[in-house]
Amino acid sequence: MSTILVTGGTGNLGALVVDRLRARGHEVRVLSRHSPEFPVDLRDGSGLDAAMTGAQVVVHCASSPRGGDDLAARHLIAAARRSGTVTNVVYISIVGVDVVPLGYYAVKRRVERMLEDSGLGVTVLRTTQFHDLVAQVVATAAKLPVVPLPGGVRVQPVAVEEVADRLAELAVPVPAGRVPDMGGPETRTLADWGRAYLAATGSRRRVVPLPLAGKAYAGFRRGGNLAPGRAVGRITFGEFLQRRK
């Protein structure tokens, strides 16, 4: 069994990864600023050296749309190099980070490159959007009298549980490089997903698809966020909604 660090181990995805790794018998260290055992701040790297001691694998789930992922990755990479024991850094990324010119995606791609150029063993998994994110987008839009959603944008949501299963499989001492993308089982427009969400929650609000401007929107309309050849997820959005009830 390995000693494995999980960044973002208290988050939506990370907590599931931690559960799966512990069920397999691994020693798992959950990195957090408030952890009594391994207090780590990825923003400045404090606590990382102690947490890395003796670890073979790092599963890097921590991420913030507010920015700073590249700085956190720089500290993580430096500490992994100093440890002398880390042989595989597993990173969760997003399908389309190299073709959809969105700021958050650009940072995720930058982190991929940093890891690839680090000299460390690396495994990178890109997935499509989680069911939870689609539900969150629609729920936020549904606070208005009508539900405005970007028109013509298709989404292929995947279950976070299945992504956690895959990350746990990849969290081994031998790195795998860039592994095949992982997408959900169904692709529909965001407006269609919005209508499904509203029906499941008993809302009768009307979805209004709106055309938007900008290169990022164009990238989504071209399907840069999709993985049609990798529709390997099994849990549908409808099943996700049923489980939320």
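Each chain has its residues counted from 1, following the order in which its sequence is written. Two thresholds apply to this predicted model, a pLDDT of at least 70 for residue-level local features and 80 or more for giving and counting side-chain atom pairs, whereas whole-chain, interface and lining totals are computed over all residues. In computing side-chain properties, one takes all heavy atoms of the structure into account and sets aside hydrogens as well as water.

K.L.:
Outline the pairing of strand E4 (residues 88-94), supporting the account with residue identities and numerical values.
P.N.:
Between buried and exposed lies partly exposed: a residue is buried under 20% and exposed over 50% of the maximum accessible area for its type, with that area taken using a 1.4 Å probe on protein chains only. Runs of H or I in DSSP of at least four residues are treated as helices and runs of E of at least two as strands, each being numbered from the N terminus. Burial within E4 is extensive, with seven of its seven residues counted as buried. Examined bridge by bridge, strand E3 (residues 57-60) and E4 share four bridges and lie parallel to one another. In the strand pairing of E4, Val58 is matched with Val89. We call a crossover right-handed when, viewed with the strands running away from us, the connection from the first strand over the helix to the second turns clockwise. Between E3 and its parallel partner E4, the chain crosses via helix H3 (residues 69-83), and the hand of that crossover is right-handed. The criterion for strand pairing is that DSSP finds at least two bridges linking the strands in question. Bridging between E4 and strand E5 (residues 122-127) involves six bridges; their strand directions are parallel. Counterpart to Tyr91 in the pairing with E5 is Val124. You can see the chain leave E4, run along helix H4 (residues 103-116) and come back into E5, and the turn it takes is right-handed.

K.L.:
Residues and numbers for the sheet that holds E4, please.
P.N.:
Strands belonging to one sheet form pairs held by backbone hydrogen bonds; the direction of such a pair is parallel or antiparallel. The strand order across the open sheet built from six strands is E2-E1-E3-E4-E5-E8, with neighbouring strands paired in parallel fashion. Each edge of the open sheet is held by one strand with a lone partner, namely strand E2 (27-31) and strand E8 (177-178). Sitting on the sheet, helix H6 (residues 160-170) is in contact with E4 and E5, with an inclination near 165 degrees to E5. Residue contacts are defined here by distance: any two heavy atoms, one from each residue, within 4.5 Å place the two residues in contact. Helix axes are fitted to C-alpha atoms over the stretch in contact, other axes to C-alpha atoms as well, and angles between N-to-C directions run from 0 to 180 degrees.

K.L.:
If you had to explain the pattern of salt bridges to someone new, which residues and values would you point to?
P.N.:
What counts as a salt bridge is simple: a side-chain nitrogen of Lys or Arg found within 4 Å of a carboxyl oxygen of Asp or Glu. The tally for this structure, following the rule as stated, stands at 15 salt bridges. Close ionic contact of Glu161 with Arg243 constitutes a salt bridge, the shortest N to O distance being 3.5 Å. On the criterion of sequence distance, the pair formed by Glu161 in helix H6 and Arg243 in helix H9 (residues 237-244) is long-range, its members being 82 residues apart. With its nearest N and O atoms 3.7 Å apart, the salt bridge here joins Glu162 to Arg234. Highlighted residues: Glu162 in helix H6 and Arg234 in the loop between helix H8 (215-221) and H9, separated in sequence by 72 residues. Judged by its relative accessible area of 5%, Glu162 falls in the buried class. One salt-bridge network, held together by shared partners, links Asp98, Arg109, Glu112, Glu116 and Arg126.

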